[in-house]
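# Report on the structure
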Amino acid sequence: MRMFDAVAKNISFLLGGYWITIKLTMFALAGGISLGILVGLGRISKKKWVYYPVTFYVNLIRNIPLILVIFWFYFVMPIIVGRPLDPFPSAVISFIIFEATYFGEILRAGFQSVSKGQIDAGYSTGLNYIQTTRYILIPIAVRRMLPSMITQSIVTYQDTCLAFVIGLHEFVRRTTIVDNFEVRSIQLFGFVAILFLITCYISSVVSRRFEVKRERGY
Amino acid sequence: MGLAYKFDWGVLWRQPYGVWLLKGIWLTIQLGLLGWIIAFALGIFIGTIRISPWRWLRFLGTAYVEVFRNVPFLVQLFFWYFAGPMLFGHSLQFRINAIIGLNYYVAIVALGLYTASRVAEHVRAGFGSIARDQYQAALSTGLTEVQMYRYVIIPYALRIIIPPLTTEFLTIFKNSSVAMTIGVAETTFMSYKIDSETFHGLEATTGAMVIYLILGLAVVKLMGILESRFRIAGLVGRK
Amino acid sequence: MIEIRDLSKWYGNFQVLDNINEEIKQGQTVVVCGPSGSGKSTLLRCINGLEPFQKGEIIVDGVSVSDRSTNLYKLRTEIGMVFQRFELYPHMTAMQNITLAPMKVRNKSKKEAEVKAMELLQRVGIPEKAHEYPANLSGGQQQRVAIARSLAMEPKIMMFDEPTSALDPEMIKEVLDVMIDLSKGGMTMIVVTHEMGFAREVADEIIFMDEGRIIERGTDISFFKNPKNPRTKNFLDKILL
């Protein structure tokens, strides 16, 4: 494939960057969804001291660009920790805080769709708040919102590129490094684009099949 | 462990930093508005061809949306900026790269192309929510397909989708910050630049956050006014 | 077993329960009927603490429901509740629906809980459906699983909130049969229902509620033959068609 020779020459360097992209995505999703569950619960809480701070946090983060959040944590973390931080942990924290608001809103919709009767049924058998939330509310909500959660996960995966700006050696940054001396931009950026295109497209097809399977009466 | 960091909020308005930020805000606004014009026009077009009766047109529309939706915006931006000029062939590419402010134009075009794919999806959903009978009623009065779309369906659909369009309008301002990676001196770029001069990036980025918040509020307010002026009586609205 | 004294409840300015007084002895089956909005469901939900109330007292087996020191979770293990829309957990099989609370609240082992669950499924007549999801069960079957789910906690009292109202007519009998069985077996039951056949067969007392008040009460014979209150007569005329 003479067309993609610059890519082929540097493939291991590039794929090393892709691996970092994947790692960042995995951490961001694990943390973002976990925190997102708490955020979603906070947003439907009747306790004012929970609802207002969580709502403030969600509305704040959803209105500012991700790049800014990444920078902000990059500047904040050294002050708190006392020494400069590696780009990877800084990026992970930024992404978790950022994506949790989006997952939180998705899960909130899921929580609100669970009928009060089912929660009451749980309480009427003697389960407490943590048990009804853990065994009834969360499982039903997650299953219902699975397509949206997959879509948001794809968005997170795409967003990881932005960690570029704090020097993280993820996929896109490594591509620009290679481009600097190979100057075969069409090939290189085309390669990145195609890779994302294929992975994201396949994921969205998978997500659509989940929507069909949902006809199981949830 | 005390904080060995002294806050200096003055970086936000002391000269020359204050001016930098103002210039950055102005560029953010330009990027957002001009990009939105492209996105809106192109998005309506693509959304419409997605539901047209010709298979190859539909396919084109679907292909456009899938490509521009699945590739991260940063990658698209880099592609157009670094690889774009090369697409014009060997001789033209040097002349293009020599254009002053190229990154500005590329950013606007890239924002427009990307956001158009999202607008197209909302437009398509808007069409989908209009009952079949409306289409048939319009056609039965003798209008051609094109006229039906232009005078009946598109205006109707646009009003329905004002809420999701508001979200996209907000998003385009947020995405304008990505243009800093190719050197466009907008708000986020400026806050980073202030940090590199003063090492007070925390204050600078906090200031930038407030700016985006205010911008976001303005957009929501604006679209809210539009929504109430164009409200269709009898349809389910908010509150 | 249950004593209700001067119970009153308001939603904002709207009074939904007005001075309810009632005593239910152990082993009794009490049927509550009345037009919709009369407060019947709310009354049940006050008894097991799902709804708070502003005035009056409810004492269940010596425990006051509204007392701050009362452990409501523990109280609810003694009172089973069956809902109009079954409310089975859609993501769990019938077996899992039944064993969840015994395992998590009474710390039973999975094996113990499953053995008991099969016993209960046998008792309500559908042991073969143990590993089916609610979506694959008919309404009548779902409601019977719901009854088994409540019985799994071995409650002293069972409350039913219009258990057959959401069922197709062919399935009403199978659920009522289970309930009649329970009642004859000595369970203390409060049943909100319009099924007068059921009331005639097993009710020790029938209460008619309207606009949050108890308008009339009686044993089955006196209630149906000679309703004292004109509103009761009105209501009975409508439903006993």
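Here we come to the interface of chain A and chain B. Contact residues are listed per partner, giving 36 residues for chain A and 36 residues for chain B. Counting the surface lost from both chain A and chain B, the interface buries some 3,200 Å², and carbon and sulfur atoms represent 80% of this. Its largest share of buried area at the contact with chain B, chain A owes to Leu68(A), Phe75(A) and Ile79(A), together 19% of the area lost on that side. Counting across the chain A and chain B interface gives one salt bridge.

The next subject is the confidence of the model for chain B. For chain B, the average pLDDT comes to 84, and 94% of its residues sit at 70 or higher. Reported for the predicted complex are a pTM of 0.81 and an ipTM of 0.84.

This part is about unusual backbone geometry. Residues and elements named next belong to chain C. Although it is not a glycine, Asp 61 sits at a positive phi angle of roughly 50 degrees. Phi is positive for Glu 211, which is not a glycine, with a value near 50 degrees. Using a relative accessible area of 51% as the deciding quantity, one classes Glu 211 as exposed.

Residue and element names in this part refer to chain A. On inspection of all chains with the given rule, the structure shows 25 salt bridges over all chains. Across the salt bridge formed by Asp 120 and Lys 116, the nearest N and O atoms sit 3.2 Å from each other. Here Lys 116 and Asp 120 lie together in helix 6 (residues 116–124), a separation of four residues that amounts to about one turn. You can call Asp 120 buried: its relative accessible area is 5%.

Attention now goes to the packing of helix 1 (residues 17–49) of chain B against helix 7 (residues 145–160) of chain B. All names here are of chain B. Direction vectors running N to C along helix 1 and helix 7 enclose 110 degrees, while the axes themselves pass 12 Å from each other. One finds that helix 1 runs roughly perpendicular with respect to helix 7. The way helix 1 lies across helix 7 gives a crossing that is right-handed. Two secondary-structure elements touch here, helix 1 through Phe 40, Ile 44 and Thr 48 and helix 7 through Tyr 149, Ile 154 and Leu 158. The class makeup of the residues in the contact of helix 1 with helix 7 is five nonpolar, one polar and no charged.

A word on the pairing of strand 7 (residues 157–161) of chain C. All names here are of chain C. The element strand 7 is extensively covered by neighbouring structure, given that five of its five residues are classed as buried. Of the two faces of strand 7, the one carrying Ile 157, Met 159 and Asp 161 and the one carrying Met 158 and Phe 160 are both buried. As paired strands, strand 6 (residues 79–82) and strand 7 are joined by four bridges and run parallel to one another. Looking at strand 7, one finds that Met 81 is bridged to Met 159. Both strand 7 and strand 8 (residues 188–192) contribute to a ladder of five bridges, which runs parallel. Looking across to strand 8, one finds that Phe 160 is bridged to Val 191. Taking the sense of rotation as the criterion, the β-α-β connection linking strand 7, helix 6 (residues 169–184) and strand 8 turns out right-handed.

Further remarks concern the interface of chain A and chain C. The interface of chain A with chain C comprises 21 residues on the first partner and 23 residues on the second. The junction of chain A with chain C conceals about 2,000 Å² of combined surface from both sides, 63% of it contributed by carbon and sulfur atoms. Counting the surface chain A buries against chain C, the share from its top three residues, Ser124(A), Thr125(A) and Tyr135(A), is 29%. At the surface where chain A touches chain C, the tally comes to one salt bridge. For Arg45(C), the salt bridge is made with Asp120(A), and the minimal N-O distance between the two is 2.6 Å. Between the two partners, chain A and chain C, sit eight residue pairs in polar contact (both at pLDDT 80 or more). When residues of the side of chain A that touches chain C are traced back to their parent elements, those giving at least two are helix 6 and helix 7 (129–144) of chain A.

Attention now goes to the pairing of strand 8 of chain C. Residues and elements named next belong to chain C. A large share of strand 8 lies buried, amounting to five of its five residues. The alternating pattern of strand 8 places Thr 188, Ile 190 and Val 192 on one face and Met 189 and Val 191 on the opposite face, and all of these are buried. Bridge count for strand 3 (residues 29–33) against strand 8 is four bridges, and the pairing is parallel. Paired with Val 32 across the strands is Val 192, a residue of strand 8.

Using the criterion set out here, one finds 23 aromatic pairs over all chains in the structure. Note on Phe79(B) and Trp80(B): the rings are 5.4 Å apart at their centroids and 75 degrees apart in plane angle, and the pair reads as edge-to-face. What links up through ring pairs into an aromatic cluster is the set Tyr18(A), Tyr157(A), Phe171(A), Phe191(A) and Phe196(A). Lys193(B) extends its terminal NZ or CZ atom over the ring of Trp20(B), reaching a point 4.4 Å from the ring centre.

Before going further, it helps to examine the state of the cysteines. Counted under the stated rule, the structure contains zero disulfides over all chains. Sulfur of Cys161(A): no disulfide; nearest cysteine sulfur belongs to Cys200(A) and is 9.0 Å away. In this structure Cys161(A) comes out as buried when scored by relative accessible area, which is 1%. In this structure Cys33(C) is a free cysteine whose sulfur lies 19 Å from that of Cys46(C), the closest cysteine sulfur available.

This part covers the sheet that holds strand 2 (residues 14–24) of chain C. Residues and elements named next belong to chain C. The strand order across the open sheet built from four strands is 2-1-4-5, with neighbouring strands paired in antiparallel fashion. In this open sheet, the two strands that pair with only one neighbour each are strand 2 and strand 5 (63–64). Across two bridges, the pairing between strand 4 (residues 55–60) and strand 5 is antiparallel. Note that in strand 5 the partner of Val 60 across the bridge is Val 63. On the sheet, helix 1 (residues 40–47) packs against strand 1 (2–11), strand 2 and strand 4 and is oriented at approximately 120 degrees with respect to strand 1.

Quick notes on the rules
- Residues numbered from 1 in each chain as written.
- Chains lettered and ligands numbered in written order.
- Predicted model: local features only at pLDDT ≥ 70, side-chain atom pairs only at ≥ 80, totals over all residues.
- Heavy atoms only, no water.
- Contact = heavy atoms within 4.5 Å.
- Buried area = accessible area lost by both parts, 1.4 Å probe.
- Salt bridge = Lys/Arg side-chain N within 4 Å of Asp/Glu carboxyl O.
- pLDDT = per-residue confidence, 0-100.
- Buried < 20%, exposed > 50% of the residue type's maximum accessible area, 1.4 Å probe, protein only.
- Helix = DSSP H or I, 4+ residues; strand = E, 2+ residues; numbered from the N terminus.
- Axes fitted to C-alpha atoms, helices over the stretch in contact; angles between N-to-C directions.
- Parallel < 35°, antiparallel > 145°, perpendicular 65-115°, else oblique.
- Left-handed = near helix turned anticlockwise from the far one by under 90°.
- Nonpolar A, V, L, I, M, F, W, Y, C, P; charged D, E, K, R; others polar.
- Pairing = 2+ DSSP bridges.
- Right-handed = clockwise from strand over helix to strand, strands pointing away.
- Polar contact = N/O pair within 3.5 Å; in protein donor to acceptor, adjacent residues only side chain to side chain.
- Phe/Tyr/Trp six-rings, centres within 6.5 Å; stacked < 30°, edge-to-face > 60°.
- Lys NZ or Arg CZ within 6 Å of the ring centre and 35° of its normal.
- Disulfide = S-S within 2.5 Å.

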